[in-house]
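Given next are the chains, with one letter for each unit.
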Amino acid sequence: MRSSGVLKILAFLITCVIIIICYQILLTTSFFNHIDSKIPQADPVPLGKGVGNVKVILENEPQGTATAKKNEPVHEINVVITFTNAKDNTNLQQKFQTTVLSMFKWTTTPVNIYIIGDQASQVIADAILKQAVSKYNKQYKLVKLDTDDLAKKLHEVIKEMQQHFSYKPGAYYSHSLFFLSIAIHRVMPETLHRVIMMDADLKFNNDVKELFDLFDNFSDTNVMGIARENQPVYRHVLSVYRGANPGTRVGDPPPNGITGFNSGVLLLNLDKMRKSELYNSLINPKVVNDLTKKYSFQGHLGDQDFFTLLSLEHENLFYILPCTWNRQLCIWWRDKGYESVFDLYFKCEGHINIYHGNGNTDIPKLDWEK
Ligand SMILES: *[C@@H]1O[C@H](CO)[C@@H](O)[C@H](O)[C@H]1NC(C)=O
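Every chain is numbered independently, its residues counted from 1 as its sequence is written. Local features in a predicted model are, by the rule used here, given only for residues with pLDDT of at least 70; side-chain atom pairs are given and counted only at 80 or more, and totals for whole chains, interfaces and linings are based on all residues.

- An unreviewed UniProt entry lists the protein chain under the name XXYLT1, with Mytilus edulis as the source organism.

## Side note on the overall build of the protein chain
Then, in step 1: Helix and strand content of the protein chain: 14 helices and 11 strands.
Then, in step 2: In this scheme every C-beta is placed from the backbone, and a residue whose C-beta has 20 or more other C-beta atoms within 10 Å is buried, one with 12 or fewer is exposed, and one in between is partly exposed. Out of the 370 residues in the protein chain, the part that is buried amounts to 40%.
Then, in step 3: Taking contacts inside the protein chain between residues at least 6 apart in sequence as the whole, the part at least 24 apart equals 83%. Starting at the N terminus, helices and strands are each numbered in turn, a helix being any DSSP run of H or I of at least four residues and a strand any DSSP run of E of at least two. Whether two residues are in contact depends on their C-beta atoms, placed from the backbone: they are in contact if these lie within 7 Å.

## Quick word on the sheet that holds strand β11 (residues 354-356)
Then, in step 1: The strand order β6-β11-β10 describes an open sheet built from 3 strands, whose pairing is mixed. The open sheet is flanked by β6 (202-204) and β10 (327-328), the only strands paired with a single partner.
Then, in step 2: Any two strands are treated as partners once DSSP identifies two or more bridges connecting them. Where β6 meets β11, 3 bridges bridge the pair, whose relative direction is antiparallel. Opposite lysine 203, over in β11, you have tyrosine 355 as the bridge partner.

## What about the environment of valine 288?
Then, in step 1: If you trace the backbone, valine 288 turns up in helix α12 (residues 285-294).
Then, in step 2: Considering only alpha carbons, one finds valine 288 and leucine 309, 21 residues apart in sequence, at a separation of 8.3 Å.
Then, in step 3: Setting aside chain neighbours within four positions, we find valine 288 in contact with Met161 and His164.

## Some words on the nonpolar core
Then, in step 1: Membership of the largest hydrophobic core comes to 88 residues, with the highest contact counts inside it found for Val79, Ile81, Ile113, Leu129, Ile196, Leu266 and Leu268.
Then, in step 2: In terms of residue count, the dominant contributor to this core is helix α4 (residues 119-133) (6 residues).
Then, in step 3: Residues in contact with isoleucine 81, not counting those within four places in the same chain, are Ile113, Ile115, Ile116, Met198 and Ala200. Here, a nonpolar core denotes buried Ala, Val, Leu, Ile, Met, Phe, Trp, Tyr and Cys residues that are linked to one another through C-beta atoms within 7 Å.

## Quick word on the environment of asparagine 230
Then, in step 1: Looking at the element boundaries, asparagine 230 is found in the loop between β7 (224-228) and α8 (233-237).
Then, in step 2: The buried category is assigned to asparagine 230, around which 26 C-beta atoms lie within 10 Å.
Then, in step 3: Residue contacts for asparagine 230: discarding those within four places in its chain leaves Asn262, Cys323, Gln328, Tyr345, Phe346 and Cys348.

## A look at the confidence of the model for the protein chain
Then, in step 1: For every residue, the predictor states its confidence as a pLDDT score lying anywhere from 0 to 100. Looking at the protein chain as a whole, the pLDDT averages 84, with 82% of positions reaching at least 70.
Then, in step 2: Here residues 25-69 is a poorly scored stretch, pLDDT under 50, and it has 59 contacts once near neighbours within four places are set aside; other chains count.

## Comments concerning unusual backbone geometry
Then, in step 1: The linkage connecting proline 254 with the following residue, proline 255, adopts the cis geometry, with an omega of 0°.
Then, in step 2: Unusually for a residue other than glycine, serine 296 sits at a positive phi of about 45°.
Then, in step 3: Residue classification places serine 296 among the partly exposed positions, given that 14 C-beta atoms sit within 10 Å.

## Some thoughts on the environment of aspartate 118
Then, in step 1: Examined against the element boundaries, aspartate 118 turns out to sit in the loop between β3 (111-116) and α4.
Then, in step 2: Given 19 C-beta atoms within 10 Å, aspartate 118 falls into the partly exposed group.
Then, in step 3: With 33 residues separating them in the primary sequence, aspartate 118 and asparagine 85 have C-alpha atoms 6.7 Å apart.
Then, in step 4: Setting aside residues up to four positions removed in sequence, aspartate 118 forms contacts with Thr84, Asn85 and Thr147.

This is the structure:
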């Protein structure tokens, strides 16, 4: 009896030792490491109110995130926001606040925010973001950019082209920032793969992650996603060409026209922009010159003019973002001789995910704000 009791205890101890050894082996093998790497990395800075969430990185070498592959879980979303000349402009500051507050309200994914603007505007953006995030318990990082350096690099790429798309030929190089989206793949580090770029006069009514997921809806030839212009702006800009080419789709309304674009919300696949021989061959003063002549095109709306011009001959570079993700509210063109066709351009059915108060238009109060 006594010896069988000792044996039982021995067997028990041996079993324990084996279990401990097995556990140690499992811990040190890639099995657990693999599982760990699937868990989104927590921000080392504790979540909570205000300042604690802000992680200011770097001056001019933004860190990319590995979000390039299809069907990989997205842990972070890179959002580039144009916010410039904000000092002494409380109206613009308020719009920026609305944009980021509403984005924070809905987002299910941490966002990295890149501010494109002068130094003073960046400081203001920082303060607004800190205040905004204290309202919603969301994670974000503010990536500081040396926009002066960025503007100089951009200027080199686009200086000979921007005269076709802006009122100020030969403008100071900081104006080249309004064309960042065109050549963003050449001036941002290669570690950056996909970004959402947007204006600062938006109101989100849905999760930015759902917008990001539309990158997966691109066809092989699409390098960026962009919504149609919601007014007959390009019908007007292209009226000479349209007059000389009856029946053309150029400047026609959706769904069959080549309507022209609004760049308030952009999905930029930087990898595809880098790789596309076609796209890069079009960032060329001679090509742009020839196209503007052919279509008698003189714009003043910056990057969206450029994309519109390219789309007249290369529609398949662009994924057409549903209007619900850039619902423009400006109606300036309604009574400028386009009454009979205005609604063909303006109508947008379905749940509105992003309102765009372009042309300084007020955005309505939404249900969740009441
Ligand atoms: C994007 O693709 C998904 C999957 O194919 C589809 O369910 C969804 O309707 C598409 N979204 C849009 C806006 O086309």
